Amino acid sequence: MTAHKPADVIRPADLIREEADLLAAGLELQQQGMELLLAEMRALAAMLPGEDPHLPTDAEVEAGFDNMPV
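Everything numeric here is computed off the predicted structure, so don't read it as measured data. (Residues numbered from 1 in each chain as written. Predicted model: local features only at pLDDT ≥ 70, side-chain atom pairs only at ≥ 80, totals over all residues. Heavy atoms only, no water.)

Looking at the pattern of salt bridges
Then, number 1: Summed over the entire model, instances satisfying the criterion amount to two salt bridges.
Then, number 2: A salt bridge links Asp 14 to Arg 17, with the nearest nitrogen and oxygen atoms 3.2 Å apart. Here Asp 14 and its partner Arg 17 are both found in helix H1 (residues 12-47), three residues apart, which amounts to about one turn of the helix.
Then, number 3: Judged by its relative accessible area of 24%, Asp 14 falls in the partly exposed class.
Then, number 4: For Arg 17, a relative accessible area of 48% gives the class partly exposed.
Then, number 5: It is possible to trace a salt-bridge network through shared partners that takes in Arg 11, Asp 14 and Arg 17. (Salt bridge = Lys/Arg side-chain N within 4 Å of Asp/Glu carboxyl O. Helix = DSSP H or I, 4+ residues; strand = E, 2+ residues; numbered from the N terminus. Buried < 20%, exposed > 50% of the residue type's maximum accessible area, 1.4 Å probe, protein only.)

See below:
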């Protein structure tokens, strides 16, 4: 006669899966917080006097280096 497993036995794989789900949720919350911080930083930078909100394009940056002596 074989012994039957109780229905409430927790397997190690289940514990690892639950821990991975918690880590994924934590990383998602951190990502949302960082996105909010970036939005706030960009809004603040747009309000600072003397700051040009226009970022130069790659072509404009390269044009500044074209007149350098060889």
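Some details on a nonpolar patch on the surface
Then, number 1: A contiguous nonpolar surface patch, about 310 Å² in accessible area, is contributed by Met 34, Leu 37 and Met 41.
Then, number 2: Among the structural elements, Met 34 can be located in helix H1.
Then, number 3: Its relative accessible area of 53% is what places Met 34 among the exposed residues. (Patch = residues over 30% accessible without salt bridge, like charges linked within 9 Å, V, L, I, M, F, W, Y side chains within 5 Å. Areas by Shrake-Rupley, 256 points an atom, 1.4 Å probe, with all protein chains shown as cover.)

So, to be careful, I would describe these as geometric facts and stop short of saying anything about function.
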